[in-house]
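# Survey of secondary and tertiary structure
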Amino acid sequence: MWDIFLVVGIGFFIGYKGFLNEKGIKINSKLQTVWLMLLIFCMGVSIGRNGEIVKNLPLLGGKAVLFAILTALCSTIVIYILSTLFLEKEGKK
């Protein structure tokens, strides 16, 4: 677990100190996309090989959809409330 914190900390330090130039940032962005796709692929393989998850997929899928809808709805409500409280109105500058 500490190795994950160490790697994230090193990445944070490199980003904070600005050691990457514009070309390095673009390369980093492309690498992030590639590794994210590989991670999602590996997760899909793991889920597909797990018979228990595949068997319970309809139940898990329903819960996932409900969770996604409630999360999006609550986030929208909170953002609306906070924006009306803290952001200036266009006419009141």
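## What to know about the pattern of salt bridges
In total, this model carries 1 salt bridge according to the counting rule given. The closest approach of N and O atoms between Glu52 and Lys55, which form a salt bridge, is 3.9 Å. Taken together, the positions of Glu52 and Lys55, both in helix H3 (residues 51-55) and 3 residues apart, correspond to about one turn of that helix. On the basis of relative accessible area, Glu52 is assigned to the partly exposed category, the value being 47%.

## Some details on the packing of aromatic side chains
The final tally for this structure, using the stated rule, is 3 aromatic pairs. Between Phe12 and Tyr16, the aromatic rings sit 5.9 Å apart at their centres with planes inclined by 10 degrees, giving stacked as the arrangement. Here Phe12 pairs with Tyr16, and both are found in helix H1 (residues 2-17), just 4 residues apart, close to one helical turn. Overall, the relative accessible area of 63% leaves Tyr16 in the exposed class.

## Some points on H1
Taking 1.5 Å of rise per residue, the 16 residues of H1 would be expected to cover 22 Å, and the 22 Å separating its terminal C-alpha atoms lies within 8% of that figure. For H1, a buried count of 0 out of 16 residues is recorded, marking the element as mostly open to its surroundings. Downstream of H1 by one or two residues, Gly18 has phi in the positive range, about 75 degrees.

## A look at the layout of surface pockets
One number sums up the size of the largest pocket: a volume of about 170 Å³. Lining the largest pocket are Val7, Val8, Ile10, Gly11, Ile14, Gly15, Leu20 and Asn28. Residue classes in the lining of the largest pocket are distributed as 5 nonpolar, 3 polar and no charged.

Calculation criteria
Residues numbered from 1 in each chain as written. Predicted model: local features only at pLDDT ≥ 70, side-chain atom pairs only at ≥ 80, totals over all residues. Heavy atoms only, no water. Salt bridge = Lys/Arg side-chain N within 4 Å of Asp/Glu carboxyl O. Helix = DSSP H or I, 4+ residues; strand = E, 2+ residues; numbered from the N terminus. Buried < 20%, exposed > 50% of the residue type's maximum accessible area, 1.4 Å probe, protein only. Phe/Tyr/Trp six-rings, centres within 6.5 Å; stacked < 30°, edge-to-face > 60°. Expected span 1.5 Å × (residues − 1). 1 Å grid on protein atoms, 1.4 Å probe; cavity = no way out; pocket = protein on both sides within 12 Å on 5 of 7 lines; lining within 4 Å. Points joined across faces, edges and corners; volume = space filled by probe spheres on them. Nonpolar A, V, L, I, M, F, W, Y, C, P; charged D, E, K, R; others polar.

Don't take any of this as a statement about function, it's just geometry.
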